[in-house]
Amino acid sequence: MDHRLISTILALLLSLSQAHHLVDLGSEDEIQIEDPDDVDITARILLSNNGSSEMLMEGDLVVSNTRNAIKCRNNQCLWRKSSDGLVEVPYTMSNQFTHYHKKRIENAMKTFNTETCIRFVPRSYQRDFISIESRDGCYSYLGRTGGKQVLSLAKYGCVYHGIIQHELNHALGFYHEHTRSDRDQYVKINWENVPPRTIFNFQKQDTENLNTPYEYTSIMHYGRTAFSTNGLDTITPVPNPNQSIGQRSNLSEGDIQKIKKLYSC
């Protein structure tokens, strides 16, 4: 068979294969890769945040200049509850996002709005609010910091259902699951596989665990090889090392229960 014909056929097959994994909503800027099912949230977040200009703790938590970002006393970092029992979290969304991106973000908010007393609402006049922007990575402040607080979802790399929910949950006040104060009963940190400069990302925090069980399937759990220096596991579940961790699809039932407990829904 003619080599040029073979090359043409291969090029056509390649283009069809790539088209299958894209959603084209009418303009080049609105092409969006489907949610990956082979990469955990941690890996994608860390990849997107590589080289970020922000000072980040645990990979995607912005270190606040106004308060200690790893301590939340007297619920001062929680969003306020109204007399009707609902907790409104006002937000604005940058016009950097296409219509499709905005719909994705709104869709990721729905689970919070339907399963808990949290209500993400477009900002009208509120002083404290989340400004969702496309900056240099996927990151958020921890809880309510007061005034405008940026939650970054880079258009190309972060606008995926699981990542959006992960960052929104940080904004509600939740740390990563692997930094819980009781984590040593449930996971082993393989320090030999952690680069010295990133060890701080695995330090335990003085967390409020809400009398809830440690959850391997939380959307807030790191993947096995997070920050690995050699491709080997940095986190190993115990006592069952084969336990799955680092899911990427949706808020788990445990995540929902923790939100309800933290905000007394």
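A few points on the structure. (Residues numbered from 1 in each chain as written. Predicted model: local features only at pLDDT ≥ 70, side-chain atom pairs only at ≥ 80, totals over all residues. Heavy atoms only, no water.)

A closer look at the packing of aromatic side chains
To keep it simple, the criterion reads: Working definition: a ring pair exists when centres of Phe, Tyr or Trp rings (six-membered ring for Trp) sit within 6.5 Å. Plane angles under 30 degrees give stacked, over 60 give edge-to-face, the rest tilted. The buried label goes to any residue with under 20% of its type's maximum accessible area, the exposed label to any with over 50%, and the partly exposed label to all in between, with areas taken from a 1.4 Å probe on protein chains only.
All chains considered together, the criterion is met by 7 aromatic pairs. Pairing F112 with F120 gives two aromatic rings, centres 5.3 Å apart and planes at 85°, and the pair type is edge-to-face. With respect to class, F112 is no different from F120; both count as buried. For the pair Y222 and F227, a centre-to-centre distance of 5.9 Å together with 35° between the ring planes defines the contact as tilted. Each of the two residues, Y222 as well as F227, counts as buried. Chaining the aromatic ring pairs together yields one cluster made of W191, F202, Y222 and F227.

Describing the side chain of S94
Rules: Numbering of helices and strands runs from the N terminus; a helix is a DSSP stretch of H or I covering at least four residues, while a strand is a stretch of E covering at least two. By definition, residues are in contact when any of their heavy atoms lie within 4.5 Å.
Here S94 is to be found in the loop between β5 (87–93) and α3 (99–115). Not counting residues within four places of it along the chain, the set of residues in contact with S94 comprises K102, I132 and E133.

Focus: the pattern of salt bridges
This is how it is decided: Take a side-chain nitrogen of Lys or Arg and a carboxyl oxygen of Asp or Glu: if they are within 4 Å of each other, that pair is a salt bridge.
The full count for this structure, using the stated rule, is 13 salt bridges. A salt bridge links D128 to R127, with the nearest nitrogen and oxygen atoms 2.6 Å apart. The class of D128 is buried, set by a relative accessible area of 8%. Classification of R127 as exposed rests on a relative accessible area of 62%. What you see here is one network of salt bridges that share partners, running through E177, R180, D182, E215 and K258.

Quick notes on the sheet that holds strand β6 (residues 118–122)
As a reminder, the rule being used: The rule for pairing is simple: two strands pair if DSSP sees at least two bridges between them. Axis lines are fitted through C-alpha atoms, for helices just across the contact stretch, and the angle between N-to-C directions can take any value from 0 to 180 degrees.
Read from one edge of the open sheet, 5 strands run β6-β5-β7-β9-β8, paired in mixed fashion. Two strands in the sheet have a free side with no partner beyond their single neighbour: β6 and β8 (138–139). Together, β5, β6, β7 (129–133), β8 and β9 (148–153) form the strand contacts of helix α4 (residues 161–172), whose direction differs from that of β9 by roughly 160°.

Quick word on the packing of α3 against α4
Definition in use: For classification purposes, angles smaller than 35 degrees are called roughly parallel, those larger than 145 roughly antiparallel, those between 65 and 115 roughly perpendicular, and all remaining angles oblique. Should the near helix be turned anticlockwise from the far one by less than a right angle, the crossing is left-handed, and should it be turned clockwise, the crossing is right-handed. Following the grouping adopted for this structure description, the nonpolar residues are Ala, Val, Leu, Ile, Met, Phe, Trp, Tyr, Cys and Pro, the charged ones are Asp, Glu, Lys and Arg, and the polar ones are all others, Gly among them.
In contact at an axis separation of 9 Å, α3 and α4 are set at 55° when each is read in the N-to-C sense. As far as their axial angle goes, α4 and α3 are oblique. For the crossing formed where α3 meets α4, the hand is right-handed. Along the contact surface, α3 presents R104, I105, N107, A108, M109, T111 and F112, while α4 presents H161, I164, Q165, L168, N169 and L172. Of the residues that constitute the contact of α3 with α4, the class distribution is 7 nonpolar, 5 polar and 1 charged.

What about helix α5 (residues 253–262)?
Applied cut-off: Regarding the arc, it is the one traced by the directions from the helix axis to the C-beta atoms.
Residues D255, I256, K258, I259 and L262 constitute the buried set of α5. Down the axis, α5 shows its buried residues gathered within 160° of arc, on one side only. Positioned one or two residues after α5, S264 has a phi angle of 50°, which is positive.

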